[in-house]
Amino acid sequence: MSKHGAVVIFFGSQWNVLVGCPEGMAQLFDREAAVLQKSGNHRKLPHAVISALTGGNIISETGKKWRAYARVIRPALKDRIDAVGLDVACQRLLGRLKLQQGVLAVTSIVQQYAMEAVTLCVFGKDLKFLDQPPRIHAVHALVKRHIFHPLFLSVPVLDNYPRLFPDRVEARNLISQLEHELLAALPSAEAKQALAGGAVDGASSPSSSNILFDLDEALLKGTFSSREYIDNLKILFIAGHENVQQALCSLLMVMARDLALQDAIRKDALSHRGDDPSPLLHAVIYETLRLYPPIPQLINRRVAEPCVLSLPSQGGAQLHVPLQPGTYVGWTAFGVHRGRWNTQWQSDPDVFRPSRWGNTVEDIDALARRARSRGEFVSFHGGLRTCPGQAFALRSLHLSLTAILGSFRLTLASNDGTQLTPGGLMAPRNLQLRFEPLAD
Ligand code: HEM
């Protein structure tokens, strides 16, 4: 990886090319639509249990199908997020921390916050994850435990033998339960009726104005089939909370390691409120996302026609790698951000140095945009398929951290460090923090 910026790895029962340098990422962005097309688990491993969870959705599809999903989902995610809901979620998080204080295992609380934020702000539904978690919470935890089993992720063909591995039957049942719980909690009455096979003549419109409204309308007008509706609903719930959860846990770990940084952010945040966020916190968030990208690696592109991947060769000539149709190609943000490539972070890629991002929110955003388009900062991916939830995620991180740091001093009560979970996400393991209330 450090020599050519790519490696070949065995994953999901096959060999894959994993790209980990800015030049390779830029080619991936450029050719995403026609040549290096998205091809999620449902196409790569159609019989695997993980494919039953993800299905065909806005993240995993390509071409016409992706365009149909993107037309409904992307504009709503960018423009129709309920900011008031985010304040409510933050206040509930704070209330919960004040109630419990002392040493806390934060992963589960942060997860409940992230689920609260996405259901309130994106779907416009108050499911009270932080007060009395609905069944979705427990079922989702069980699904993850079954799905992200390293053996079945590496050798998914084993999923075809349910008699030998009854656990896989249980995993499929849990996925159905998760779908059932989400469908019971989220869609409008009209959409529920349509999903249950009831009449949809004269399709009346659902009554709210958020992404659920657009999804329900797409179902009622027949733009989405029931299966497409369910798969997209699931992925929005999952992508909408998991990545924010991992990012917030990594940020809390970074803060808890450094009391001086906490004090500096508290001071800066006091003079920047609401739509004028703290530049220091903004830089800390980007630097944490660079060092600990919540999605450190993904292998979900398939070569659609013969092409050549041109890779750098440290100190030598470029390497041109011919790729045949059917080859799977993935990317690693960890390789891009931590390697000694010709990037902004070249001199000290492993060092946590927020100041490298700039001193104003405008400068920091401009650098993030530049670095993303050059394939140097890829935590939110880039190009055509850039994450549309980025603005919401950043706002959620700003508000929750400002609220927490305004009320507590944080210190580490465990030191397990960051690890890749078997499912490939990155976050601190068993993070335990001491929440010490600040004097008024
Ligand atoms: C810190 C938080 C987040 C990170 C690091 C993140 C990262 C990413 C990445 C890397 C991708 C590209 C995946 C790929 O290449 O296959 C992506 C796509 C996507 N993300 Fe996010 N994400 C975050 C938050 C969110 C949130 C909060 C939502 C929704 C509420 C969201 C919705 C999506 C969707 C719908 C796509 C697919 C876009 C498309 O292909 O058109 N993300 N995200």
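Refer to the structure printed above.
These numbers come from a predicted model, not from an experiment.

Enquirer: I would appreciate a short explanation of the sheet that holds strand β1 (residues 6-11) in the present structure.
Expert: Either a parallel or an antiparallel arrangement is found when strands of a sheet pair, and the pairing is made through backbone hydrogen bonds. Taken in spatial order, the 5 strands line up as β1-β2-β8-β5-β3 in an open sheet, and their pairing is mixed. Whereas interior strands pair on both sides, the edge strands pair on one side only; in this sheet they are β1 and β3 (36-38). Shown here is a sheet whose adjacent strand axes are inclined to one another by a mean of 40 degrees, direction ignored. With 4 bridges connecting them, strand β2 (residues 14-19) and strand β8 (residues 328-332) associate as parallel partners. Looking at the pairing, leucine 18 lines up with glycine 330 of β8.

Enquirer: Would you take a moment to explain unusual backbone geometry for this structure?
Expert: Glycine aside, residues mostly have negative phi, and peptide bonds are mostly found in the trans state. Unlike most non-glycine residues, histidine 381 shows phi in positive territory, near 60 degrees. Looking at where histidine 381 falls in the secondary structure, it is placed in the loop between α16 (361-373) and α17 (390-407).

Enquirer: Just to check I follow, could you spell out the sheet that holds strand β4 (residues 102-105) for this structure?
Expert: One open sheet accounts for 3 strands, arranged β4-β12-β9; its pairing is antiparallel. Looking at strand neighbours, the two that pair on one side only are β4 and β9 (408-412), the edges of this open sheet. The average undirected angle you get between the axes of adjacent strands in this sheet is 30 degrees. Judged from the 4 bridges that link them, β4 and strand β12 (residues 432-437) form a sheet pairing that is antiparallel. Looking across to β12, one finds that leucine 104 is bridged to leucine 433.

Enquirer: I'm lost on the site of the ligand in this one. Help?
Expert: In the neighbourhood of the ligand, 27 residues make up the surrounding shell, with Gly240, Asn243, Cys387, Gly389 and Ala393 lying closest. Those elements giving two or more residues to the shell around the ligand turn out to be α4 (63-79), α12 (226-256), β5 (297-303) and α17. At 6 residues, α12 tops the list of elements feeding residues into the shell around the ligand. Residues of the shell around the ligand, tallied by class, amount to 19 nonpolar, 6 polar and 2 charged.

Enquirer: Looking at this structure, how should I read the packing of α12 against α17?
Expert: Each pair of packed helices gets described by two things: the angle between the helix axes and the distance between those axes. Running from N to C, α12 and α17 point in directions that differ by 40 degrees, and their axes come no closer than 10 Å. Taken together, α12 and α17 sit at an angle that is classed as oblique. When you trace α12 past α17, the crossing you get is right-handed. In this structure, α12 uses Asn243, Val244, Ala247, Leu248, Leu251 and Met255 to contact α17, whose residues at the interface are Ala393, Ser396, Leu397, Ser400, Leu401 and Leu405.

Enquirer: Quick question: what am I supposed to make of the pairing of β2 here?
Expert: Strand residues, when the strand is regular, have side chains that alternate between the two faces of the sheet. Bridge count for β1 against β2 is 6 bridges, and the pairing is antiparallel. Paired with isoleucine 9 across the bridge in β2 is asparagine 16. Counted between consecutive antiparallel strands, the loop separating β1 from β2 contains 2 residues, among which glycine 12 sits at a positive phi close to 60 degrees.

Enquirer: I would appreciate a short explanation of the nonpolar core in the present structure.
Expert: When a protein is soluble and globular, its nonpolar side chains tend to lie buried together. Counting 121 residues, the largest nonpolar core has Val19, Ala117, Leu248, Leu251, Leu252 and Leu397 as the members making the most contacts within it. For this core, the element with the highest residue contribution is α12, accounting for 18 residues. Every residue in contact with leucine 252, bar those within four places of it in the chain, is listed here: Val106, Leu410, Leu431 and Leu433.

Enquirer: What am I meant to see in helix α11 (residues 211-220) here?
Expert: Along an α-helix, residues three or four positions apart point the same way, because every turn accommodates 3.6 residues. For α11, the tally of buried residues reaches 8 of 10 residues, placing the bulk of the element in the interior. Those residues of α11 lying buried are Ile211, Leu212, Asp214, Leu215, Asp216, Ala218, Leu219 and Leu220. Those residues of α11 that are buried are in contact with α4, α10 (189-195) and α12. Glycine 222 sits one or two positions beyond α11 and adopts a positive phi of about 85 degrees.

The rules we used
- Residues numbered from 1 in each chain as written.
- Predicted model: local features only at pLDDT ≥ 70, side-chain atom pairs only at ≥ 80, totals over all residues.
- Pairing = 2+ DSSP bridges.
- Helix = DSSP H or I, 4+ residues; strand = E, 2+ residues; numbered from the N terminus.
- Axes fitted to C-alpha atoms, helices over the stretch in contact; angles between N-to-C directions.
- Near = placed C-beta within 6 Å.
- Nonpolar A, V, L, I, M, F, W, Y, C, P; charged D, E, K, R; others polar.
- Parallel < 35°, antiparallel > 145°, perpendicular 65-115°, else oblique.
- Left-handed = near helix turned anticlockwise from the far one by under 90°.
- Contact = placed C-beta atoms within 7 Å.
- Core = buried A, V, L, I, M, F, W, Y, C linked by C-beta atoms within 7 Å.
- Buried ≥ 20, exposed ≤ 12 C-beta atoms within 10 Å, placed from the backbone.

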